[in-house]
Amino acid sequence: MPGIIFLVVLAVLALWVVGAYNRLIGLKNQVVNGWKQIDVQLKRRHDLIPNLVNTVKGAMDFEKSTLEAVIAARNKAVSATGVKATAQAEGELTQALGRFFALTEAYPQLKATGNVAQLQEELTSTENKIGFARQFYNDVATDYNTKQMQFPTNLVAGLAKASPAELWEIEDAGERAVPNVDLSMNKPPA
Amino acid sequence: MSDSNLFAQQESNRRRSAWLLAGFILLFAWVGFGGDWAFYLQTQGAPPEAYHHIIPWVGLLTSSFAAGLCWYSWRYGAGRVLWATGAWEIIEPADPAQQQLVNVVEEMAVASGLPRPRIWIVPDPDPNAFATGIDPQHASIAVTEGLLRTLNRDELQGVVAHEMAHVRNLDTRLMTLLAAMVGAIALMSDGMGRMLRGGAYVRGSSSGGGRGGGDRKGNPLALIVLVAWLLSLVVAPILSQLLAMAVSRKREFLADATGAQFTRNPMALASALEKLDGATAPTTTITHGAAHLCIVDALGRPASERPGVVGDVFGSHPPIRERVIRLEGMAYQQAKLEGHPGVLTPPSLPA
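Bear in mind the structure is a predicted one, so any value in this text is a computation, not a measurement.

Overview of the overall build of chain A
When you go through chain A residue by residue, the secondary structure sums to 7 helices and 0 strands. The linear arrangement of helices and strands in chain A, starting from the amino end, is α-α-α-α-α-α-α. Looking at chain A as a whole, 30% of its 190 residues are labelled buried. Taking all contacts inside chain A whose residues are at least 6 apart in sequence as the whole, residues at least 24 apart take part in 79%.

Below you can see the structure in the form of structure tokens.
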């Protein structure tokens, strides 16, 4: 009889270990996938910027420094690797783009050409997607980090080779303001 | 919403969907076999040469019909709902407004971590939106032309986020099945009512055919069964309507909250809801069956549009004012967390 109880307890324990291990692995994969989603959006942003710059170059000749800052920030972001460096470089790019969008407000004739409006909508959307992908990534990463530290799941954390995932931090308050730049797109299309 | 909440909500929706399907089949079985039973009791004492109702073919028929309908609702319900509203799918965005809608839906797919749903436009000038589909992998989001015209980008995002929340919480599964079944039950009630009038005629003629005293023994029971059966025919459609409404009322608050979590911008949805509320015209292309799927009641003010139905007393949606006030509360919390006291707007009060 005691043998049976011992076996049952052992079986329950084994089941729990399997369950906890699988939950951790599931979360880990979600974190990896969340990061990939950010990557997809960043790639799209990097592809869009040269297009936009080429389209507006003629009309915004005397804003060269702003355009060049965007290009430089973009090139730096393309070559960045790792969560921290990428976050840093992309943050700078976001700021450069923010300044650029703010400037385009001064050129109503730019908006008049459909191409620029279209490109700006694309870029606005991509900016938003980066933001949302980052939000999703941070949410699942936080979940993952919390789970692997919480008792009793932390007992199998080593087994699942779980290590804390780096969060994508927003460096300064200035960056939070950037999404407001797309106010021009808020008017309902005629 | 934390993960455990999300899973609880999904689990509850899965369970309710299963119960709905089971209840639906049981109802049809009761209607069919109940009718058989009543008919059997009635013909029991009939003379040997007269018709005896022994094989319950009505019950077999209705049950298999219900099972078939369940399968059909599961497989094609979303398509039928979209078809009924006359929606067309955006494959290749034709103008900036459509492009913006596609972009906004993609953004919300990213924010929710779900695959991008299919996007449909309902040709209706009244602003409204709904989501449908059995699971997030086969989801559709439909908005009216009026919605695209009325809302700005942020508000559109808020509405789409609300719909994505329905998709993620699996509300769409339950709602889509309900939409299909409310329609089917109304139809069955009508059909059975017609059959019953035919049955009453048969009964009248058989009793006219000279029954003996022994026949009457079975009659009281037959009568009770018949009355219960009749009652369920009357009650079922009302119940199903009420269920559809109750089920959707609760979910709207939750979807508002989850949607605000996707956009982190509750005020945009609040302002969108106020605009939708301001548009007084009912969404004419969206009929009773699909009304509970919409972000705001497609039938305009409750009770004003549908006279004579008990369900009218209960709207399928919570009052817009209450939803807006809750969203403003979330915005306040968020602003407090982020330390932006300057962006706070005083909570608006009913006018």
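There is more to say after this.
Focus on the overall build of chain B
A tally of helices and strands in chain B yields 10 helices and 4 strands. Along chain B, helices (α) and strands (β) appear in the sequence α-α-β-α-β-β-β-α-α-α-α-α-α-α when read from the amino end. The burial tally for chain B puts 42% of its 351 residues in the buried class. Restricting the contact set of chain B to residue pairs at least 6 apart, pairs at least 24 apart contribute 75%.

A short note on the sheet that holds strand E2 (residues 118-122) of chain B
Paired through backbone hydrogen bonds, the strands of a sheet run either parallel or antiparallel to each other. Residues and elements named next belong to chain B. Strand order in the open sheet formed by 4 strands is E1-E2-E4-E3, with mixed pairing between adjacent strands. Looking at which strands have only one partner, the edges of the open sheet turn out to be strand E1 (88-89) and strand E3 (129-132). Across 4 bridges, E3 lies against strand E4 (residues 140-144) in antiparallel orientation. Note that in E4 the partner of Phe130 across the bridge is Ala142. Most of the contacts of helix H2 (residues 57-85) go to E4, to which it runs at about 10°, and overall it touches E2, E3 and E4.

Let's talk about the nonpolar core
Within the largest apolar cluster, 86 residues are counted, with the highest numbers of intra-cluster contacts made by Met108(B), Ala142(B), Val159(B), Val160(B), Met181(B) and Leu269(B). Element by element, the count of residues in this core is highest for helix H6 (residues 171-208) of chain B, at 10 residues.

Concerning unusual backbone geometry
A cis geometry characterises the amide bond from Phe151(A) onward to Pro152(A), with omega recorded as 5°. In this fold, Pro152(A) is placed in the loop between helix H5 (114-149) and helix H6 (154-157). One non-glycine residue with positive phi stands out, namely Leu170(B), at about 65°. With respect to the secondary-structure elements, Leu170(B) resides in the loop between helix H5 (153-168) and H6. Even without a glycine there, the phi angle at Arg264(B) is positive, about 55°. Mapped onto the fold, Arg264(B) is located in the loop between helix H7 (219-263) and helix H8 (266-278). Of the residues examined, Arg264(B) has 17 C-beta atoms within 10 Å and is grouped as partly exposed.

Brief notes about the interface of chain A and chain B
In this assembly, 17 residues from chain A lie in contact with 16 residues from chain B. The greatest single-element share of the side of chain A that touches chain B, amounting to 11 residues, is contributed by H5(A). Among the residues forming the side of chain A that touches chain B, the class breakdown is 7 nonpolar, 6 polar and 4 charged.

Describing the packing of H5(B) against H8(B)
All names here are of chain B. As a packed pair, H5 and H8 sit with axes 8 Å apart at the nearest point and diverge in direction by 95°. Compared by their axis directions, H5 and H8 come out roughly perpendicular. Here H5 contributes Asp154, Glu155, Gln157, Gly158, Val159, Ala161 and His162 to the contact with H8, which in turn contributes Ala268, Leu269, Ser271, Ala272 and Lys275. Tallied by class, the residues present in the contact of H5 with H8 amount to 5 nonpolar, 4 polar and 3 charged.

Focus on the confidence of the model for chain B
Caution applies to low-pLDDT regions: their predicted coordinates should not be interpreted in detail. Residues and elements named next belong to chain B. Per-residue confidence for chain B gives a mean pLDDT of 77; residues scoring 70 or more make up 74%. In this model, residues 201-217 is a region of pLDDT below 50 whose contacts with residues beyond four sequence positions or in other chains number 6 contacts. With pLDDT under 50 throughout, residues 341-351 is counted as low confidence; its partners more than four residues away or in other chains account for 7 contacts. Scoring of the predicted complex yields 0.75 for pTM and 0.72 for ipTM.

Rules behind the numbers
- The residue numbering used here restarts from 1 in each chain and proceeds along that chain's sequence as written.
- Chain letters and ligand numbers both follow the written order, the letters beginning at A and the numbers at 1.
- Since the coordinates come from a predicted model, pLDDT governs what is reported: local features require at least 70, and pairs of side-chain atoms require 80 or more to be given and counted, while whole-chain, interface and lining totals use all residues.
- For the purposes of this entry, the term helix denotes a DSSP run of H or I that reaches at least four residues, the term strand denotes a run of E that reaches at least two, and both are numbered from the N terminus.
- Exposure in this text rests on C-beta crowding, where 20 or more other C-beta atoms within 10 Å of a residue's own make it buried, 12 or fewer make it exposed, and counts in between make it partly exposed. The C-beta atoms are placed from the backbone.
- A residue pair is marked as a contact if its C-beta atoms, positioned from the backbone, fall within 7 Å.
- Here, any two strands with at least 2 DSSP bridges between them count as paired.
- To obtain an axis, a line is fitted to C-alpha atoms, over the contacting stretch when the element is a helix, and the angle between two such axes runs from 0 to 180 degrees between their N-to-C directions.
- Put simply, a nonpolar core is buried Ala, Val, Leu, Ile, Met, Phe, Trp, Tyr and Cys residues tied into one set by C-beta atoms within 7 Å.
- We call Asp, Glu, Lys and Arg charged. Ala, Val, Leu, Ile, Met, Phe, Trp, Tyr, Cys and Pro are nonpolar, and the rest, Gly among them, are polar.
- Should an angle fall under 35 degrees it is called roughly parallel, over 145 degrees roughly antiparallel, and 65 to 115 degrees roughly perpendicular, with every other angle called oblique.
- What pLDDT expresses is the predictor's confidence in each residue, scored from 0 to 100.

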